[in-house]
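Observations on chain architecture
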Amino acid sequence: SGGVYVPLSPDYPIDRIITVIQNCGAKKILADSKVLTESFIEKISTLTAIDHIIVMDKVADPNSMIEKFSPSEDGIEVDLPEIVNYTHIMSMPSTLSGVVVKSSDLAYMIYTSGST
């Protein structure tokens, strides 16, 4: 498939979520709109590897969700990943050219608290 699923609970502390996203090298985030808090948007804007946040619940205009946050650093607008509606997934290619999938490739990655 060329991708790995990394499930995260919105109940995790925001810093834990950001650490996992950084550690696993995520490029896309699938999330419900309730996850897109001001704190999340501000912290995610520092992760340059993220190119899309895909909002999985029905929101007419996902980009309007971040207008109220307007994250900035010293008055300079922060470059955010593109926020798109879940229907965007349908326009993505179903296969990736040049990607060779082997049986040893990851399908999902689970992060634990470290106590298990």
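Bear in mind that the values here come from a model prediction, so they are computed numbers and not experimental data.

What follows deals with the pattern of salt bridges. Applying the stated rule across the entire model yields three salt bridges. Close ionic contact of Lys 43 with Asp 15 constitutes a salt bridge, the shortest N to O distance being 2.6 Å. With a gap of 28 residues between them, Lys 43 in helix H2 (residues 38-44) and Asp 15 in helix H1 (residues 14-24) connect regions that are remote in the sequence. Note on Lys 43: relative accessible area 29%, which makes it partly exposed. Among the residues examined, Asp 15 registers a relative accessible area of 44% and is labelled partly exposed.

Next up on the list: the confidence of the model for the protein chain. The predicted model of the protein chain averages 74 in pLDDT, with 75% of residues at 70 or higher. Mean pLDDT per element in the protein chain: strand S4 (residues 76-77) is the minimum at 48, and H1 is the maximum at 88.

Moving on to the layout of surface pockets. For the largest pocket, the calculated volume is near 1,200 Å³. What lines the largest pocket is a set of 36 residues, among which Val 4, Tyr 5, Lys 28, Ile 29 and Leu 30 lie closest to the centre. Of all elements in the fold, only H1 and strand S1 (28-31) reach the threshold of two or more residues within the lining of the largest pocket.

This next bit is on the nonpolar core. Ile 21, Ile 29, Phe 40, Ile 44, Ile 50 and Ile 53 are the most contacted members of the largest nonpolar core, which has 16 residues in total. In this view, Ile 53 contacts Ile 29, Leu 36, Phe 40, Ile 44, Pro 81, Glu 82, Ile 83 and Val 84; residues no more than four positions away in its chain are not counted.

Looking now at H1. When we look at burial in H1, the residues that qualify are Ile 17, Ile 18, Val 20 and Ile 21. Down the axis of H1, the buried side of the element spans an arc of 160°, and every buried residue falls inside it. Along H1, the residues that are exposed and aim more than 90 degrees away from the buried face are Gln 22 and Asn 23. For H1, the elements touching its buried residues are S1 and H2. Directly after H1, the chain includes Gly 25, whose backbone phi takes a positive value near 75°.

The rules behind each value
Within each chain, residue numbers correspond to sequence positions counted from 1 in written order. With the structure being a predicted model, the display of local features is reserved for residues of pLDDT at least 70 and the display and counting of side-chain atom pairs for 80 or more, all residues being used for whole-chain, interface and lining totals. Hydrogens and water are ignored here; the side-chain numbers use all heavy atoms of the structure. The salt bridge definition used is simple: a Lys or Arg side-chain nitrogen within 4 Å of an Asp or Glu carboxyl oxygen. Secondary structure is summarised from DSSP: a helix means a run of H or I of at least four residues, a strand means a run of E of at least two, and numbering begins at the N terminus for each. Residue exposure (1.4 Å probe, protein chains only): buried if accessible area is under 20% of the type maximum, exposed if over 50%, otherwise partly exposed. For every residue, the predictor reports its confidence as pLDDT, a number between 0 and 100. Of the two site types, the cavity is a set of points on a 1 Å grid over the protein atoms alone where a 1.4 Å probe fits but cannot get out, and the pocket is an open set with protein on both sides within 12 Å along at least five of seven lines, each lined by residues with an atom within 4 Å of a point. Grid points are joined across faces, edges and corners, and a volume is the space filled by probe spheres set on the points. In this text, buried Ala, Val, Leu, Ile, Met, Phe, Trp, Tyr and Cys residues form a nonpolar core when linked through side-chain atoms within 4.5 Å. Contact criterion: two residues are considered in contact whenever any of their non-hydrogen atoms come within 4.5 Å of each other. The directions considered for the arc run from the helix axis to the C-beta atoms.

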